[in-house]
2 protein chains.
Amino acid sequence: MKNVTLLVTTALFIMGCNTSGDNEDLNSQSQQSKTNYEDQLPSWNDGKTKKAIIDYVTEVTNPDAENFIPISERIATFDNDGNLWSEQPAYFQLFFTIDRVKAMASEHPEWKNKQPFKAVLDDDLETLKEYGMKGIGELMMATHAGNTTVEFDAIVKDWIATARHPTKNVAYDKLVYQPMLELLQYLRANDFKAFIVWGGGVDFMRAIFTEIYGIPKEQIIGSRIKTEFDYNNGNPVIRRIPELDYNDDKAGKPLNIQKIIGKKPVFSSGNSDGDLQMMQWAASNKYKSFMLYVHHTDSVREWAYDRDSHIGRLDKGLDQAIENGWTVIDMEKDWKVIYPFQ
Amino acid sequence: MKNVTLLVTTALFIMGCNTSGDNEDLNSQSQQSKTNYEDQLPSWNDGKTKKAIIDYVTEVTNPDAENFIPISERIATFDNDGNLWSEQPAYFQLFFTIDRVKAMASEHPEWKNKQPFKAVLDDDLETLKEYGMKGIGELMMATHAGNTTVEFDAIVKDWIATARHPTKNVAYDKLVYQPMLELLQYLRANDFKAFIVWGGGVDFMRAIFTEIYGIPKEQIIGSRIKTEFDYNNGNPVIRRIPELDYNDDKAGKPLNIQKIIGKKPVFSSGNSDGDLQMMQWAASNKYKSFMLYVHHTDSVREWAYDRDSHIGRLDKGLDQAIENGWTVIDMEKDWKVIYPFQ
């Protein structure tokens, strides 16, 4: 497992890892803003960020307020990687992919001599690096397609139950952010309908997250590969075929939100430039909207990275957040704990 | 308007219009099956069909029953055209398309000499016929794209408020089936989550139906054209571009259900062969499922058509319904009224 970590961390997905210093004043804990609200976000430190969230929710759910939002329009959209769970040292779906290549290798003897599979099997960093994102795409198609939706679901469930994060040494689904779980619950309690809108595979996430987040499968939106329907002599299946159908990232996010939800979010939460168009889309809502960026500032309890990271880069998004007064979470200062087990 | 009717009815979308006689025994009102249930489906005549629906819902929502279905899995999928509202003498979205060609003609002087637009503007039946489905596709792209999602929504809302059905002479949205409105409400009251899954345009339907059916936009699935995100100097819009993105018909229905909902329906309702794969998909559910076909048997109050119709053809679907014991609604016998205004 250490080899895998090394392989991934030091090659394709090396992070910039500069702890942000630019943005600390945005989230400084203002003593004067402390109020005696009932604490529905106990893992959030009191301060500007927490207050902004609660003030917003309180205002737009008040029927007497000018900015009241009808329940049917309370659509909240959340990115996942780096926003609801960690994404370092690489997107967890990539670890799944690598583990699958190894698990499937015995059925594919040809992979021993076929790149980029050989590189994964040999833990051969330098060679895999040469194949870049195209190589990763090949690995994903080989491991995510060629099965039915039911089979794939079982494979992911089995993986999440057994695989361990290479450095944190816990199951990947333990690495969700406790403060964000509370935020999801808080929004739900105020009749917001939260959707996950992420760049990873929609069926990968549906296999893992429904219970953890309290978000039903039909509110999970993501990238996907193509599928075909097979009547299969009266036992119909949907087969996953190795071709990208939709990339739910950047401008793909608002487009998918419009296609699938048909409403503009009033609450949008992300952590990277890949979420920027989703933020812009929410910011243009005729209802008062709330844009929330997670800024990875905690190098001790989690990871610290932003403008120079290859994973979850937050650069233009941070500029626009500052420019437009969007709320930016300083993980180090705003969150009492990161993970539920802490 | 009569010209339009003539144009459409007698050309591309001529119906077979043979009143079904094959299937009457399936839905005969059995005196012995009458029970004293509380009537939540008042527009349904007592009989086999109504009893089958109520028996199913009562059983699968009973926590003590072997076939109990958890609330999260109570997914119901409904076709729209010919299933929740009428579809004769042509799909209503086609009337919208024709009306739009005429409304937009002044901005497109070239259409006077360009087919198939010229044929629509001239009410020239024979010529339009020559252009077939490809011609209809061209008309749809010209009238449904080239605007933003917000603009298109307003156009559809304006049309539905003013247009009148050519023979029924009422607004199109009055031509919803009262018994199906009751069924949607009955399922909702029993914690089913109903989705529309139709072959028409998803944004067309979202502009019209949310309130009538009590189904939120995010539970409406349909065909769609491609879109692009335009940041538009800080006032982002989504532009509709004239290219088919997804055809939500036949096998496209279960595929879209899997993509968007991620769960297999337990209750599926349709009226044509275009719904057959959705029915097969629901029928393969590990939970007890219910497949419901609307059979258009009422030539007096609505229209009667099935195996030979160019619109809403029900042929293979009827065979499979009979073979598998799916429930088939005989509109003439099972429904006390067709439309809410009756």
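In this text the structure is predicted, and so the values were computed from the model without any measurement. (Residues numbered from 1 in each chain as written. Chains lettered and ligands numbered in written order. Predicted model: local features only at pLDDT ≥ 70, side-chain atom pairs only at ≥ 80, totals over all residues. Heavy atoms only, no water.)

**Observations regarding the overall build of chain A**
Along the backbone of chain A there are 12 helices and 8 strands. For chain A, the residues scored as buried account for 57% of the 342 residues in total. For chain A, the proportion of contacts with a sequence separation of at least 24, taken over those separated by at least 6, is 67%. (Helix = DSSP H or I, 4+ residues; strand = E, 2+ residues; numbered from the N terminus. Buried < 20%, exposed > 50% of the residue type's maximum accessible area, 1.4 Å probe, protein only. Contact = heavy atoms within 4.5 Å.)

**Focus: helix α7 (residues 178-189) of chain A**
Residues and elements named next belong to chain A. With 12 residues, α7 extends 17 Å from end C-alpha to end C-alpha; this agrees with the ideal 16 Å at 1.5 Å per step. Where α7 is concerned, the buried positions are P179, M180, L181, E182, L183, L184, Y186 and L187. D191 occupies a position one or two residues after α7 and carries a positive phi of about 65°. (Expected span 1.5 Å × (residues − 1).)

**Comments concerning the packing of helix α2 (residues 48-60) of chain B against helix α7 (residues 178-189) of chain B**
All names here are of chain B. Here α2 crosses α7 at 15°, and the two axes come no closer than 11 Å. In terms of their interaxial angle, α2 and α7 are classed as roughly parallel. As for the relative orientation of α2 and α7, their crossing is right-handed in sense. In this structure, α2 contributes I53, I54, V57 and T58 to the contact, and α7 contributes L183, Y186 and L187. Class assignment for the residues of the contact of α2 with α7 results in 6 nonpolar, 1 polar and no charged. (Axes fitted to C-alpha atoms, helices over the stretch in contact; angles between N-to-C directions. Parallel < 35°, antiparallel > 145°, perpendicular 65-115°, else oblique. Left-handed = near helix turned anticlockwise from the far one by under 90°. Nonpolar A, V, L, I, M, F, W, Y, C, P; charged D, E, K, R; others polar.)

**Some details on the packing of helix α3 (residues 92-104) of chain A against helix α5 (residues 125-144) of chain A**
All names here are of chain A. The interhelical angle for the contact between α3 and α5, taken along N-to-C directions, is 65°, at an axis separation of 9 Å. Crossing handedness for the pair α3 and α5: left-handed. Contact residues: Q93, L94, F96, T97, R100, V101 and M104 in α3; I136, L139, M140, A142, T143 and H144 in α5. Taken together, the residues of the contact of α3 with α5 break down into 8 nonpolar, 4 polar and 1 charged.

**Some details on the pattern of salt bridges**
What the rule picks out here adds up to 42 salt bridges over all chains. In this structure, A:D46 engages A:K50 in a salt bridge whose closest nitrogen and oxygen atoms are separated by 3.4 Å. Note on A:K50: relative accessible area 1%, which makes it buried. Across the pair B:D245 and B:R224 runs a salt bridge whose closest N-O atoms are separated by 2.7 Å. Of this pair, B:D245 sits in strand β4 (residues 237-246) while B:R224 is found in strand β3 (residues 220-230), placing the two residues 21 residues apart along the sequence. (Salt bridge = Lys/Arg side-chain N within 4 Å of Asp/Glu carboxyl O.)

**Regarding the interface of chain B and chain A**
Listed as interface residues are 33 residues of chain B and, on the opposing side, 33 residues of chain A. The largest contributions to the chain B side of the interface with chain A come from B:E218, B:F229 and B:K259, which together make up 22% of the buried area. Our count for the contact surface shared by chain B and chain A stands at 6 salt bridges. Across the pair A:D245 and B:K259 runs a salt bridge, and its minimum N-O distance is 2.9 Å. Every element with two or more residues in the side of chain B that touches chain A is listed here: β2 (193-201), α8 (202-213), β3, β4, α9 (252-260) and α10 (276-283) of chain B. Looking at which element gives the most residues to the side of chain B that touches chain A, the answer is α9(B), with 5 residues. Residue composition of the side of chain B that touches chain A, grouped by class: 14 nonpolar, 9 polar and 10 charged. (Buried area = accessible area lost by both parts, 1.4 Å probe.)

**Comments concerning the packing of aromatic side chains**
Residue and element names in this part refer to chain A. Enumeration over the complete set of coordinates arrives at 46 aromatic pairs over all chains. Between the aromatic rings of W198 and F204, the centroid separation amounts to 6.3 Å while the plane-to-plane angle is 20°, which identifies the pairing as stacked. As far as burial versus exposure is concerned, W198 and F204 are alike and both buried. Through successive ring pairs, a cluster of aromatic residues spans W85, F92, F95, F96, F152, W159, Y172, W198, F204, F209 and Y213. Of note, K168 hangs over the ring of W303, and the distance from its end group to the ring centre comes to 4.8 Å. (Phe/Tyr/Trp six-rings, centres within 6.5 Å; stacked < 30°, edge-to-face > 60°. Lys NZ or Arg CZ within 6 Å of the ring centre and 35° of its normal.)

**Regarding the relation of the copies chain B and chain A**
Turning chain B through 180° and shifting it by 0.0 Å along the axis lays it on chain A, with an RMSD of 0.0 Å. Interpreted geometrically, this transformation is the action of a two-fold axis. For chain B, the minimum C-alpha distance to the rotation axis belongs to B:I260 and amounts to 3.4 Å. Mapped onto chain A, 100% of the interface residues of chain B are again interface residues, and the two copies thus contact each other with one and the same surface. (Least-squares fit on C-alpha atoms with pLDDT ≥ 70 in both.)

**Considering unusual backbone geometry**
Excluding glycine, a negative phi dihedral is what most residues carry, and trans is how most peptide bonds are arranged. All names here are of chain A. The omega torsion of the bond from Q88 to P89 falls at 0°, within 30 degrees of zero and hence cis. Q115 connects to P116 through a cis peptide bond whose omega is 0°. The topology assignment puts P116 in the loop between α3 and α4 (117-121). The backbone of N169 shows a phi angle near 60°, a positive value even though the residue is not glycine. Counting through the fold element by element, N169 comes out in the loop between α6 (149-162) and α7.

**Some remarks on the side chain of B:E87**
Residue and element names in this part refer to chain B. Along the chain, E87 falls in the loop between β1 (75-78) and α3 (92-104). Buried charged residue E87 carries no salt bridge. Nearest counter-charge: K253, at 9.1 Å. A polar contact is formed between the side chain of E87 and the side chain of Y305, at a distance of 2.6 Å. (Lys, Arg positive; Asp, Glu negative; His and termini not counted. Polar contact = N/O pair within 3.5 Å; in protein donor to acceptor, adjacent residues only side chain to side chain.)

**Considering the environment of A:I329**
Residues and elements named next belong to chain A. Structurally, the position occupied by I329 is in strand β8 (residues 327-330). With a relative accessible area of 0%, I329 lands in the buried category. Residues I329 and E126 lie 203 residues apart in sequence; the distance between their C-alpha atoms is 36 Å.

By themselves these figures say nothing about function.
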